[in-house]
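Each chain, letter by letter, is given below.
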Amino acid sequence: MESFKVKTGRRAEFVDITAQVQGIVRDSGIGEGVCHIYVPHTTAGLTINENADPAVPADIIAHLEKLVPRSGDYRHAEGNSDSHIKASMMGFSETVLVENGALVLGTWQCLYFCEFDGPRNRTVYVQVIAA
């Protein structure tokens, strides 16, 4: 298992982590298998989506904000209940197939680290398992 740090600069942002994860896959020497990516944070998540147009992650963030606004009738006292809910909606892990030593992603797909309570320093864990 490997890990790397992600430093976020805004309360909500998506960070493309595909290159870092692909580097771990390449360095593992595993040609065929699966890659598990996990974030151990309750206010951050992971998703796979389009990386060709920066409007896509911006739209996702904007609409999550409409669905789960920052202020609301929340009981959690830290003021980040919306961040917990958004992270749960995105999920905390992804699994991607590995073929010929590379992540199997669609033409426009990438792996995004999803920050909902930044700015922060976060950790992403990656495990590559041979088929």
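The structure we're discussing is the one just above.
Residues numbered from 1 in each chain as written. Predicted model: local features only at pLDDT ≥ 70, side-chain atom pairs only at ≥ 80, totals over all residues. Heavy atoms only, no water.

**Quick notes on the overall build of the protein**
Inclusion rule: Think of it this way: any DSSP run of H or I at least four residues long counts as a helix, any run of E at least two long counts as a strand, and we number them from the N terminus. This radius of gyration counts C-alpha atoms alone. The globule rule is 2.2 Å times how many residues there are, raised to the power 0.38. Using a 1.4 Å probe on the protein chains alone, a residue whose accessible area is under 20% of its type maximum counts as buried, one over 50% counts as exposed, and one in between counts as partly exposed. Contacts are assigned to residue pairs with any non-hydrogen atoms lying within 4.5 Å of each other. Computed with a 1.4 Å probe, the accessible areas rest on the Shrake-Rupley method; for each residue, only the protein chains presented here act as cover.
Regarding its fold elements, the protein presents 3 helices and 8 strands. The C-alpha atoms of the protein give a radius of gyration of 15 Å, which matches the 14 Å a tight globule of 131 residues would have. Its C-alpha atoms give the protein principal-axis dimensions of about 50 × 30 × 25 Å. The buried share of the protein, reckoned over its 131 residues, is 44%. Residue pairs at least 24 apart in sequence account for 82% of intrachain contacts in the protein once pairs closer than 6 positions are excluded. For the protein, the exposed area adds up to about 7200 Å²; of that, 51% sits on carbon and sulfur atoms.

**Quick notes on the nonpolar core**
Under the convention used in this document: Only buried residues count toward a nonpolar core, which is a set of Ala, Val, Leu, Ile, Met, Phe, Trp, Tyr and Cys residues joined through side-chain atoms within 4.5 Å.
Core analysis: the largest hydrophobic core is formed by 21 residues, its most contacted members being Ile17, Val21, Cys35, Ile37, Phe113, Val124 and Val126. In this view, valine 124 contacts Glu2, Ser3, Phe4, Val6, Ile17, Ile37, Tyr38, Val39 and Phe113; residues no more than four positions away in its chain are not counted.

**Side note on the sheet that holds strand S2 (residues 13-16)**
Rules: The pairing criterion is simple: DSSP has to find at least two bridges between the two strands. Lines are fitted to the C-alpha atoms to define the axes, a helix being fitted only along its stretch in contact, and any angle between axes, read from their N-to-C directions, falls within 0 to 180 degrees.
Read across the open sheet, the 3 strands follow the order S2-S7-S4; overall the sheet is antiparallel. A single partner strand is all that each edge strand has here, and the edge strands are S2 and strand S4 (44-50). Averaged over all pairs of adjacent strands, the angle between their axes in this sheet comes to 35°, without regard to strand direction. Direction of pairing for S4 relative to strand S7 (residues 109-115): antiparallel, over a ladder of 7 bridges. What sits directly across from glutamate 50, in S7, is glutamine 109. Across the sheet, helix H3 (residues 81-90) is in contact with S2, S4 and S7; its angle to S4 comes to roughly 45°.

**Some details on the packing of aromatic side chains**
Stated formally: Paired rings are identified among Phe, Tyr and Trp, the last through its six-membered ring, by centres lying within 6.5 Å, and are further divided according to the angle between planes into stacked (under 30 degrees), edge-to-face (over 60) and tilted (the rest).
Scanning the entire structure with this criterion turns up 2 aromatic pairs. Ring geometry for phenylalanine 14 against tyrosine 112: centres 5.5 Å apart, planes inclined by 50°, an arrangement best described as tilted. Residue phenylalanine 14 is found in strand S2, and its partner tyrosine 112 is found in strand S7; the two are separated by 98 residues along the sequence. Exposure class is identical for phenylalanine 14 and tyrosine 112. Each is buried. Summarising the aromatic geometry, the rings of phenylalanine 14 and phenylalanine 116 are spaced 6.4 Å apart at their centres and angled 85° between planes, so their arrangement reads as edge-to-face. Within this pair, whereas phenylalanine 14 is found in strand S2, its partner phenylalanine 116 is found in the loop between S7 and strand S8 (121-130), the two being separated by 102 residues in sequence. This pair shows no difference in class: phenylalanine 14 is buried, exactly as phenylalanine 116 is. Through successive ring pairs, a cluster of aromatic residues spans Phe14, Tyr112 and Phe116.

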